Amino acid sequence: MLTISRFTCEGLAKGCVTDERRPRLAFSLESDRAGAKPASATITVNGHQMVLGSEQSVRYDGPELAPRTTYTAHLVATDDAGETAEADIAFETGLLGAPFDASWISDAAYTFADKGASPVPMVFRRTLELSKPVASARIYATAMGIFDLELNGRRVGDELFAPGFTSYKTNLQYVTYDVTDQLAEKNELLATVAGGWAVGAFIYSRVNRVAADRQALLLQLCVTYEDGSRQTFGTDEGWEVTEDGPVRYAEFYDGEVYDARVSLEDATWRRAAREALRVSPRLTAACGDPVRLHDRMEPVSVTHVGDQLVFDFGQNFAGVVELRLRGAAEGQVVRVRHAEILKPDGTLNTDFLRSAKAELVYTCKAGDQSFCPTLTYMGFRYVGVEGADEKDLALCAYPVFSDVRETGTFACSNDKVNRLQQNIQWSSRSNFVDIPTDCPQRDERMGWTGDIAVFAPTACYNFDMGRFLRKWLRDVRAEQLRGGGIPNTVPANGFGFPTTMPSMAIDFWGDACVLVPWALYQAEGDEEVLRENYDMMCRYVDACRFWASFGVGKYRYIWHTPSFLHFGDWVAPDVPKMSQWQGRSKWTATASLQHTSSLVAQVAQILGRGEDARRYAELSQNVSHAYEDVFTDGAGKLKNEFQTAYVLPIHFGMLGESNTERAVDNLVKLVEKGDYCIGTGFPGTPYILFALADNGRADVAYKMLLNTKCPSWLYEVAQGATTIWERWDGLDENGQCPIGDDGTDMMISYNHYASGAIGDFLYKRVAGIEAAEPGYRRVRVAPLVGGGLTWASGSVETVLGRVSSSWKLADGTFEIDVEVPVGATCELLLPDGTMQELGSGSHHASCACQSDEEA
Ligand code: BGC
């Protein structure tokens, strides 16, 4: 039987509210008939029928959609045996560009000029009466700052930090809430607006008031009555405002100060005033994945250390705690601190949070009560509580992250590698907080481009990144500099570049504007993501070419601007100093230019821009030759040897065939000399195992992967890591940080996903699952047996459905089970070199294969 396993509008199976005039509808199919293929489909929306062949997605191209309207898309799909399946999906349009019937409001009496601080949260309120029965009601709301809404004493929606983090001068989201069931005859609407990213202090240099001088709210409640009439209640001077609410302070870095004794009834309410904003962003319906609280976590232990109760959650993550207090005294103050690691005496080590206080200060009312902050989050594993007795306190926590759908699983016969996979997933969740951040704990949590540039392929295996990354890319486009460079943090939000760096194109970090759309395209197969970002990519690569053009002769294609203008081989563990990482920028930047220009050439080809394709391909070739000419002896040996400088040209195919072989031999020698430890920084780490394994040295790749000596992936695991660390030597054998203040400004985070980019290798080579064609229309399953592994399995919920590979090796026989979704074909490559062509369905294959005795 043919069934429809998933039907989505703009990537969502339910709850889609969109301002996209041509929303994308996509579906996946399942069948119990082996080899079933999609033959045709129709999707009917708004009286308009779209006829598809075997494609499984289409953009709506019918008559213009009306704003604030619910539509149903009806799908009928037919397979090659004539079986059919049907499904419906409802989606709703947002305002589609129509202006709000409301005004921006704020508290005109509130000014806040303190440098480096965040404002006191404002609370807005309005009461309203409805005289007729309500058929449906929506709130459309946005703010300068972040807001929580309450209607008649109940929270509205379950998303945190609305309206999200965007490039506020250009893009601002509004959030739509269905409040039909929450309305009564008499209603009170409350909105607490904290500084968030737009007004609050952010960035390690604590820049505040980036987009507005104080918080402001824009909201409309649109009611449709049962008699068909409509009414809108918008923010205006009829609203009241106060700063006397119970949330006394709220900030991402410092945490929350909450006084439960405070009653809004006693507050001094003022009339809200219309507010003129400094920015005039385009307002669009929220298009990412909402940040939410996720499954509750209980501490695994609690110890008394001095005056503190120290709770251990057994897992590092981004989130918030919930306190439940019994019989508290009025005015009792409970302080909660957060940390990723402990000091030898068992107290919290907060040194590496730098200026972030990451603290909750909660003042109790009398009696039983609970508290969970909603206007901040922390990165932590340990929590230290003062001011409460253990017997009166129950504490749990909730991870906080954007609701990206989990799509990937990976496991194998090595438990440490399995923990590595879990650590990669935890660091992903911890750093997908509305934007892709570098870390969730210290005074950064910024959209550092280099981190997601290298991590995007791994992210796209483990999660459905479509909405999350598209939302972010919209801001990358908005923030692109006139000269074509991309700020190092997006949204730039008052930063963009360190003070030591002028605004220009920066290799690998700026490369995000090419690598992220490319990774999404590989995962989803939707050319639109390339089209949308094409101009940005071209302008960026042109800018890189410009900065790389200050040379003559052989140096004409070597990007050798001074190293302080780059991040180079960032955090490479084989050299201790930041200046040494940056000092490798000649190699990393030149390889980056080759890589981005070659990818843009491919993109141009796909989009039918032949002339561009030729130009960028030629550029990439010239850069390849220059790299070989300048940095190698012409025979595959680098004049200055380090791992990244081999990995990049090998993996990017920059050297001729025979020189690649020699370069691989030389890389192997270097790796052996380093006892199979990692020597790569951000640029080389995602690719080193590919560079080895894809060139005949799977043995060495596996030795590196399975190494437990420092620095290596499994060293972290052996030291008890539950997330990926920023620095490979983050903890010594005693669980203490040996780095200290090493001139990198205490840059030691235990929750940084960048080096988890190796997850791509786990899926592609160990489990062996790869999109041979973008969007998995054609799947390649080719597990790489080695490292003494006796089994591995992986699965990916692709846009077409589930792909899985599960192999085992015993008694000289390799066996594999493969699942191929309807709509895909698969080439299965067995370790004996034989190839099988598979259609959709479940398959089993085997061959003779010797297990390697190495591990
Ligand atoms: C961040 C990195 C980032 C880097 C830029 C750090 O402080 O945490 O992950 O990419 O700066 O070099």
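Because the structure is predicted, anything quoted here is derived from the model rather than measured. (Residues numbered from 1 in each chain as written. Predicted model: local features only at pLDDT ≥ 70, side-chain atom pairs only at ≥ 80, totals over all residues. Heavy atoms only, no water.)

## Structural notes on the site of the ligand
Stage number 1. Asp438, Arg442, Glu444, Trp448, Asp451, Trp509, Phe567, Trp570, Phe682, Glu726, Met747 and His752 make up every residue found near the ligand.
Stage number 2. Contacts to the ligand include Asp451, whose side-chain N or O atom sits 2.6 Å from an oxygen atom.
Stage number 3. For the ligand, whose free accessible area comes to 310 Å², the fraction covered by protein is 96%.
Stage number 4. In terms of residue class, the shell around the ligand is built from six nonpolar, one polar and five charged. (Near = heavy atom within 4 Å. Polar contact = N/O pair within 3.5 Å; in protein donor to acceptor, adjacent residues only side chain to side chain. Areas by Shrake-Rupley, 256 points an atom, 1.4 Å probe, with all protein chains shown as cover. Nonpolar A, V, L, I, M, F, W, Y, C, P; charged D, E, K, R; others polar.)

## What about unusual backbone geometry?
Stage number 1. Ala162 connects to Pro163 through a cis peptide bond whose omega is 10°.
Stage number 2. Tracing the backbone shows Pro163 in the loop between strand E13 (154–155) and strand E14 (171–178).
Stage number 3. Look at the link from Cys710 to Pro711: it is a cis peptide, with omega at -5°.
Stage number 4. Here Pro711 lies in the loop between helix H12 (698–706) and helix H13 (713–718).
Stage number 5. Positive phi values are uncommon outside glycine, yet Arg445 reaches one of about 55°.
Stage number 6. With respect to the helices and strands, the residue Arg445 is situated in the loop between strand E36 (435–436) and helix H2 (449–462).
Stage number 7. The exposure class assigned to Arg445 is buried, which follows from its relative accessible area of 1%. (Helix = DSSP H or I, 4+ residues; strand = E, 2+ residues; numbered from the N terminus. Buried < 20%, exposed > 50% of the residue type's maximum accessible area, 1.4 Å probe, protein only.)

## Here we look at the pairing of strand E5 (residues 48–52)
Stage number 1. Examined bridge by bridge, strand E4 (residues 38–45) and E5 share five bridges and lie antiparallel to one another. Directly across from Ala41, in E5, lies its bridge partner Leu52.
Stage number 2. Between E4 and E5, which pair antiparallel in sequence order, lie two residues; one of them, Asn46, sits at a positive phi of approximately 55°. (Pairing = 2+ DSSP bridges.)

## Brief notes about helix H14 (residues 759–767)
Stage number 1. Burial analysis of H14 places nine of its nine residues in the buried class, which makes it a mostly covered element.
Stage number 2. Taken together, the buried positions of H14 are Gly759, Asp760, Phe761, Leu762, Tyr763, Lys764, Arg765, Val766 and Ala767.
Stage number 3. One or two steps after H14, the chain reaches Gly768, where phi turns positive at roughly 85°.

## Some remarks on the sheet that holds strand E41 (residues 813–820)
Stage number 1. Strand order in the open sheet formed by five strands is E34-E39-E40-E41-E44, and the pairing between neighbours is antiparallel. Because the sheet does not close on itself, it has two edges, and the strands there are strand E34 (408–412) and strand E44 (841–848). Strand-to-strand twist of the sheet, defined as the mean angle between neighbouring strand axes without regard to direction, takes the value 10°.
Stage number 2. In terms of strand pairing, strand E39 (residues 791–798) meets strand E40 (residues 801–810) through eight bridges, oriented antiparallel. Looking across to E40, one finds that Thr798 is bridged to Gly801.
Stage number 3. Running over the sheet, H14 touches E34, E39 and E40 and is turned about 60° from E34. (Axes fitted to C-alpha atoms, helices over the stretch in contact; angles between N-to-C directions. Contact = heavy atoms within 4.5 Å.)

## Brief notes about the side chain of Asp19
Stage number 1. By the secondary structure assignment, Asp19 is in the loop between strand E2 (17–18) and strand E3 (24–31).
Stage number 2. We note that Asp19 is buried and unpaired, the nearest opposite charge coming from Arg21 at a distance of 7.1 Å.
Stage number 3. At a separation of 2.9 Å, a polar atom in the side chain of Asp19 contacts the side chain of Tyr174.
Stage number 4. Other than its neighbours up to four places away in sequence, Asp19 contacts Gly94, Leu95, Leu96, Tyr174, Leu283, Thr284 and Ala285. (Lys, Arg positive; Asp, Glu negative; His and termini not counted. Salt bridge = Lys/Arg side-chain N within 4 Å of Asp/Glu carboxyl O.)

## Some thoughts on the pattern of salt bridges
Stage number 1. Overall, the coordinates contain 63 salt bridges when judged by the stated rule.
Stage number 2. For Asp574, the salt bridge goes to Arg584, with nearest N and O atoms at 2.9 Å. Note that Asp574 is positioned in the loop between helix H5 (528–547) and helix H6 (578–582) and Arg584 in the loop between H6 and helix H7 (585–606), a separation of ten residues in sequence.
Stage number 3. According to the relative accessible area criterion, Asp574 is partly exposed, its value standing at 39%.
Stage number 4. Assessed through its relative accessible area of 10%, Arg584 is described here as buried.
Stage number 5. Salt-bridge contacts for Glu827 lead to Arg780; the nearest nitrogen and oxygen are separated by 3.0 Å. Here Glu827 is found in strand E42 (residues 825–829), whereas its partner Arg780 is found in strand E38 (residues 778–781), with 47 residues between them in sequence.
Stage number 6. Its relative accessible area of 15% is what places Glu827 among the buried residues.
Stage number 7. Several salt bridges converge on common partners, so that one network encompasses Glu10, Arg24, Arg59, Arg470, Glu524 and Asp526.

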